[in-house]
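Architecture at a glance
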Amino acid sequence: MKFTKASPLKGEITIPGDKSVSHRSVMLGSIAKGTTEISHFLPGADCLSTISCFRKMGISIEINGDSVIVKGNGLHGLKKPAGILDCGNSGTTTRLISGILAAQDFDVTLTGDDSIKKRPMKRIIEPLSLMGADIKSISDNGCAPLAISGKPLHGIHYTSKVASAQIKSSILLAGLYAEGETKVTEPYRSRNHSEIMLNYFGADVKTEGTTACITPAKELYGNKIAVPGDISSAAFFLAAGLMVPGSEILIKNAGINPTRDGILSVCRDMGGNITLLNENTDSGEPTADILVKSSSLHGITIEGAIIPRLIDELPMIAAMACFAEGETIIKDAGELKVKESNRIEVMVRNLSAMGADVEETEYGMIIRGGKPLHGAVIDSRLDHRIAMTFAVTGLCAEGETEILGAECVNISYPGFYHDLQSLFQ
Ligand code: S3P
């Protein structure tokens, strides 16, 4: 896929469903009693991996476009799958499902693609084992494939070194089945979609500061879920709107959950002209339309508590910083190294190939903006967010930018290139 310098981007985009909320709606729907009707589900490859795992455990799940109906079998209604469960490229599937599987009365093997087999799973093996789980990395390298043999669990108070919703959610899901209370404390607050949806389905989760606490549930109950648009997908249009001179884009129905909205603060702090319209805070997952107009940007420092609120947006933010005056410093972002690719290394390598002044640091990057970029061949390393970041960056560079492995956007945003092109004049 190739991109060249764009004329102003104009128009409206309806953002596809949130990936984190879509995963959780299928997982909780499957272990709830009764029917869960999901609208605006994200039919990306990652969420389809979650569906395929639960279908293999006997759950009836119908997909019709972005509508999904899950017929749950109750908290103890999963069946031993006939074969291995394949989580594909999805860290969320692997880590969250492990919390559920740790407490079942069968054993199972979980695997995934080459990227998943390199991602750290010790971070869930350790706390789940402390709860009494029997979960092992088959190759003994702390990664998938994982062998899980369901066991009775007991609650713990776990203090996590990293702020990670996947770790927290895995433990809370295991806590649904455990004896006694289960608590997770994180250094900073990570996304709280699990807590919101668990309570909506009838569980009892309380949050105090950076600690979430669950008491075991007797049963969860299926419900209707309207998935908000994914702010992590909206981020590419926010950046495109700010970066391409003369642009004006209306991004419809983006989720603005305060544990996910760091990108809005960063855009504003960099001098971006963004306005929230039609804010809807009626449900647990607030949404808004976002109007973005091209702006002259300046560099900022991004660090600390905001990092988990924008972790998936950092590749796009790093590229945006190349078009901002002055220095942007990203700190405390070591987690980027263990995403679908090592996103610090991949961003620094690819931005440098386009002529940017960017430096890798131990836990982040320093970007000195204002230098014009030129097109280059970009190896996405089959990381969806890297491919989308460079599609947008290519619209602001002289010459041609070619993205290798461009089809990997199917993981989180199958219609991305179509939607981006719909804004071309
Ligand atoms: C996710 C949490 C984040 C995020 C990922 C989705 C989730 O990962 O990067 O894309 O759905 O819980 P970590 O919890 O590992 O930071």
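Please refer to the structure placed before this passage.
The model shown is predicted, which means the values in this text are computed figures rather than measured ones.

Observations concerning the packing of aromatic side chains
- For the structure shown, the criterion picks out 7 aromatic pairs.
- Taking the centre distance of 6.0 Å and the plane angle of 70 degrees together, the rings of Y200 and F201 count as edge-to-face.
- Judged by relative accessible area, which is 42%, Y200 ranks as partly exposed.
- With relative accessibility at 1%, the residue F201 sits in the buried group.
- Between F236 and F416 the ring centres are 5.8 Å apart and the planes differ by 70 degrees, which places this aromatic pair in the edge-to-face class. Taken together, the residues span a long stretch of sequence, with F236 in helix α7 (residues 231-243) and F416 in helix α12 (residues 416-421) at a distance of 180 residues.

Quick notes on the site of the ligand
- Around the ligand lies a shell formed by K19, S20, R24, T92, S164, A165, Q166, R191, I311, D312 and K339.
- Residue Q166 places a main-chain N or O atom 2.9 Å away from an oxygen atom belonging to the ligand.
- Coverage of the ligand by the protein chains reaches 95% of its 390 Å² of free accessible surface.
- If you list the elements that add at least two residues to the shell around the ligand, you get α1 (19-30) and α5 (165-175).
- At 3 residues, α1 tops the list of elements feeding residues into the shell around the ligand.
- Its residues placed into classes, the shell around the ligand shows 2 nonpolar, 4 polar and 5 charged.
- For the shell around the ligand, the two domains that each supply at least three residues are domain 1 (2-16 + 228-421) and domain 2 (19-226).

Digging into the environment of K118
- Structurally, K118 can be placed in the loop between β7 (107-111) and α4 (122-130).
- Note on K118: relative accessible area 66%, which makes it exposed.

Here we look at the sheet that holds strand β24 (residues 364-368)
- Strand order across the open sheet formed by 4 strands is β20-β22-β24-β23, with mixed pairing between neighbours. Bordering the open sheet on either side are β20 (301-302) and β23 (357-361), each of which pairs with just one other strand.

Some points on the side chain of E195
- Here E195 shows up in helix α6 (residues 193-200).
- With residues up to four places along the chain from it excluded, the contact list for E195 reads K168, L172, V205, T207 and A212.

Thoughts on the pattern of salt bridges
- Under the criterion given, the structure shown has 26 salt bridges.
- The residue K2 makes a salt bridge to E400 at a minimum N-O spacing of 4.0 Å. Residue K2 is located in strand β1 (residues 2-3), and its partner E400 is located in the loop between α11 (384-394) and β26 (401-404); the two are separated by 398 residues in the primary sequence.
- A cluster of three or more residues bridged by salt bridges with shared partners is formed by R119, R191, D312, E340, R343, D383 and R385.

Parameters at a glance
- Residues numbered from 1 in each chain as written.
- Predicted model: local features only at pLDDT ≥ 70, side-chain atom pairs only at ≥ 80, totals over all residues.
- Heavy atoms only, no water.
- Phe/Tyr/Trp six-rings, centres within 6.5 Å; stacked < 30°, edge-to-face > 60°.
- Buried < 20%, exposed > 50% of the residue type's maximum accessible area, 1.4 Å probe, protein only.
- Helix = DSSP H or I, 4+ residues; strand = E, 2+ residues; numbered from the N terminus.
- Near = heavy atom within 4 Å.
- Polar contact = N/O pair within 3.5 Å; in protein donor to acceptor, adjacent residues only side chain to side chain.
- Areas by Shrake-Rupley, 256 points an atom, 1.4 Å probe, with all protein chains shown as cover.
- Nonpolar A, V, L, I, M, F, W, Y, C, P; charged D, E, K, R; others polar.
- Domains from an automatic or database assignment.
- Pairing = 2+ DSSP bridges.
- Contact = heavy atoms within 4.5 Å.
- Salt bridge = Lys/Arg side-chain N within 4 Å of Asp/Glu carboxyl O.

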